[in-house]
Structures are given as C-alpha cells and as structure tokens.
Amino acid sequence: MAGFFALLRRAYLTLYNWTVFVGWFQVLFLALKTLKESGHEYVYDAVEKPLLLAQSAAVLEIFHGLVGLVRSPITATLPQIGSRLYVAWGILWSFPETRTHILVSSLVISWSITEIIRYSFFGTKEAFGSAPSWLLWLRYSTFLLLYPTGITGEVGLIYIALPYMKESAKYCVRMPNKWNFSFDYFYAAILALGIYVPGSPHMYTYMLGQRKKALSKSKRE
C-alpha cells in the first residue's frame, strides 16, 4: 500500500510540475513575442490569463508542504508565493494603470524564466528520480540574477500603484460599519514595501545557502 501511495504521489507531482511548466512557458513566449511585435505597453494584456493561472496554481505548493508531499519548508514557500500573488492579483490585476510600465516586462520575464527552470527541474526529478546536472545548476544559479530583477519589478510596481490606491480607495473599509473595523489598502501596501526591506536579503541569503548545499551534494555524487 505504501508503494502505491508513493507511486501516486510521484505521478501527481510530475503532472502538476509539467502542467505549470507549460503555463509559464506560454507566459514567456507571449511576453517575448509581444515585446518584439508591439512593445512593452502590451505585454500584460498578452500574458494576463496564463500568468494569473500559473501563478495561482502555486497555492497548491503550500498545500503540498502542509500535507508532506514535498520537503520544502512552509516558512520559505509562503512568503515567496504570497508576495507573487499579491503583485499579480493585488497590484497588476487590481490597478490597470500599472500594466503598461516597462517593469511589467522585466517582472514577467524574470518570473517565467525562473519558473520554467524550477518546474522542469522538479518535474524531471519526480518523473525519473533525478535531474541532469546542467538543470540542477540552472535551478540553483539563475536566481543570482533573476531574483534581484524580479524583486525590483515587484517593489517598483507596488510603489507605482500607490497613488492609484490612494485615489480610488479600492479595497478600503471605512468607519463606521457594523464590524467596527477599518482597513486602508494604501497603508497595507506601504507595510508590504517595508517587509521587502528585511525580507528580500533574508530570502536571497537563504537561497545562497540552498545553492551551496545542492551543488556540494551534486559534486559528491
């Protein structure tokens, strides 16, 4: 019975990883095609649907960690997925005024290359038991450039959205109300920007540690 569940787990994770890989590959293809043919102002409109679907699918990875399907710690997975979802839905989808900025192209390309490598790595590993050394190197090395460019896009777009948040008061809850509760999305975004200050270097350091561990293990094998 244990063997059956192990097989089922591998089949599910293989299917999940390669399905999301296809989504991110589509995002990258459409982004590059649109950049070449129309310009950065049209990139978001071209990639919106596959971008939101592929990024939202990452919510399942929190579930995977919680139930023990994967060994990734929730403490590392949750901030990464949470910040991505916030930018995808809470900024780009919610405030159309941000969508034509060139940072959208930088963000989308950084995210999609990162995820194409990551999902193909785990998809190969689940399907065949291991991944080739070149793919392992890409998995644990491309973040050295793509993490800073991705974070720059995230922080930049949140900052760009601030005036539109303040003007529209979208997602704000004003007093008085029956819950006796108030919430201001503008100040929540400022708080989010504040979290990026210590959070980004911490995550980058964590990934450097993971890189050292993974590549050292690969050399020993």
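As a starting point, this report considers the structure included with it.

About the thresholds
Residues numbered from 1 in each chain as written. Predicted model: local features only at pLDDT ≥ 70, side-chain atom pairs only at ≥ 80, totals over all residues. Heavy atoms only, no water. Helix = DSSP H or I, 4+ residues; strand = E, 2+ residues; numbered from the N terminus. Buried < 20%, exposed > 50% of the residue type's maximum accessible area, 1.4 Å probe, protein only. Areas by Shrake-Rupley, 256 points an atom, 1.4 Å probe, with all protein chains shown as cover. Lys, Arg positive; Asp, Glu negative; His and termini not counted. Charge placed at Lys NZ, Arg CZ, Asp CG, Glu CD. Expected span 1.5 Å × (residues − 1). Bend = angle between axes of the 7 residues up to and from the residue. Axes fitted to C-alpha atoms, helices over the stretch in contact; angles between N-to-C directions. Parallel < 35°, antiparallel > 145°, perpendicular 65-115°, else oblique. Contact = heavy atoms within 4.5 Å. Nonpolar A, V, L, I, M, F, W, Y, C, P; charged D, E, K, R; others polar. Arc of directions from axis to C-beta.

**Focus on the overall build of the protein chain**
What the protein chain contains, in helices and strands, is 8 helices and 0 strands. Reading the protein chain from its N terminus to its C terminus gives the helix and strand order α-α-α-α-α-α-α-α. For the protein chain, the spread of C-alpha atoms along the principal axes amounts to about 60 × 50 × 30 Å. Out of the 221 residues belonging to the protein chain, those deemed buried represent 41%. When the accessible surface of the protein chain is totalled, it reaches about 12700 Å², and 68% of it is carbon and sulfur. Distance from the positive charge centre (21 side chains) to the negative charge centre (12 side chains) of the protein chain: 12 Å.

**Regarding the environment of Phe 29**
Tracing the backbone through its elements, the reader meets Phe 29 in helix H1 (residues 2–37). As a C-alpha pair, Phe 29 and Ser 112 span 83 residues in sequence and 9.3 Å in three-dimensional space.

**Here's the deal with helix H2 (residues 43–57)**
If you check H2, its first and last C-alpha atoms are 21 Å apart, about what 15 residues at 1.5 Å a residue would give, namely 21 Å. Maximum bend of H2: about 45°, positioned at Lys 49, with proline Pro 50 one to four residues after it. The complete set of buried residues in H2 reads Val 43, Tyr 44, Val 47, Pro 50, Leu 51, Leu 52, Ala 54 and Gln 55.

**Focus on the packing of H2 against helix H3 (residues 59–67)**
Packing of H2 against H3 leaves a shortest axis separation of 4 Å and a crossing angle of 10°. Of the possible angle classes, the one that applies to H2 and H3 is roughly parallel. Between H2 and H3, the residues in contact are Gln 55, Ser 56 and Ala 57 and Val 59, Leu 60 and Glu 61, respectively. Each residue belonging to the contact of H2 with H3 can be placed in one class, and the counts come to 3 nonpolar, 2 polar and 1 charged.

**Notes on H3**
By the burial criterion, the buried members of H3 are Glu 61, Ile 62, His 64 and Gly 65. The buried residues of H3 occupy one face: seen down the axis, they fall within an arc of 160°. A positive phi of about 85° marks Gly 68, the residue just after H3.

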